[in-house]
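# Structure at a glance
Residue-level listing of the chains:
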Amino acid sequence: MNNKLANDKNIEFLYKAILSLESEEECANFFEDLCTVQELKTLAQRIVVAKMLSEKSVYTDIVRETGASTATISRVNRSLQYGCDGYDIIFERIKEKEANE
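Below is a summary of the structure that appears in this document. Please read all numbers here as calculations on a predicted model, not as lab measurements. (Residues numbered from 1 in each chain as written. Predicted model: local features only at pLDDT ≥ 70, side-chain atom pairs only at ≥ 80, totals over all residues. Heavy atoms only, no water.)

### A closer look at the packing of aromatic side chains
- Counted according to the given criterion, the structure contains two aromatic pairs.
- Arranged with centres 5.3 Å apart and planes meeting at 80°, the rings of phenylalanine 30 and phenylalanine 31 form a pair that is edge-to-face.
- For phenylalanine 30, a relative accessible area of 22% gives the class partly exposed.
- Consider the rings of tyrosine 87 and phenylalanine 91, whose centres lie 6.0 Å apart with planes at 15°: the pair is stacked. With tyrosine 87 and phenylalanine 91 both in helix H6 (residues 86–99) and four residues apart, this pair spans about one turn of that helix.
- On the basis of relative accessible area, phenylalanine 91 is assigned to the buried category, the value being 15%. (Phe/Tyr/Trp six-rings, centres within 6.5 Å; stacked < 30°, edge-to-face > 60°. Buried < 20%, exposed > 50% of the residue type's maximum accessible area, 1.4 Å probe, protein only. Helix = DSSP H or I, 4+ residues; strand = E, 2+ residues; numbered from the N terminus.)

Given below as structure tokens:
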């Protein structure tokens, strides 16, 4: 692990927990137990913002479609540009999976 949080044992345990999930249903149940409704909506909003940014959507369209603030959009955009490529990895894997279905 090469990110800033690599030495945080609690976060490492969270990552292991997520990686142990085997289905979308298990994932939904876990995150519903783990997060408040608002936390889950915030996470979901960020990933949709990231997807729209990666598809070259403009801020005004993203605000209109997601309700995200421009500050949130900027923060997500910074992660896309200078982060650990986590968004890119999952978007590529989702695209591959959908192509194979």
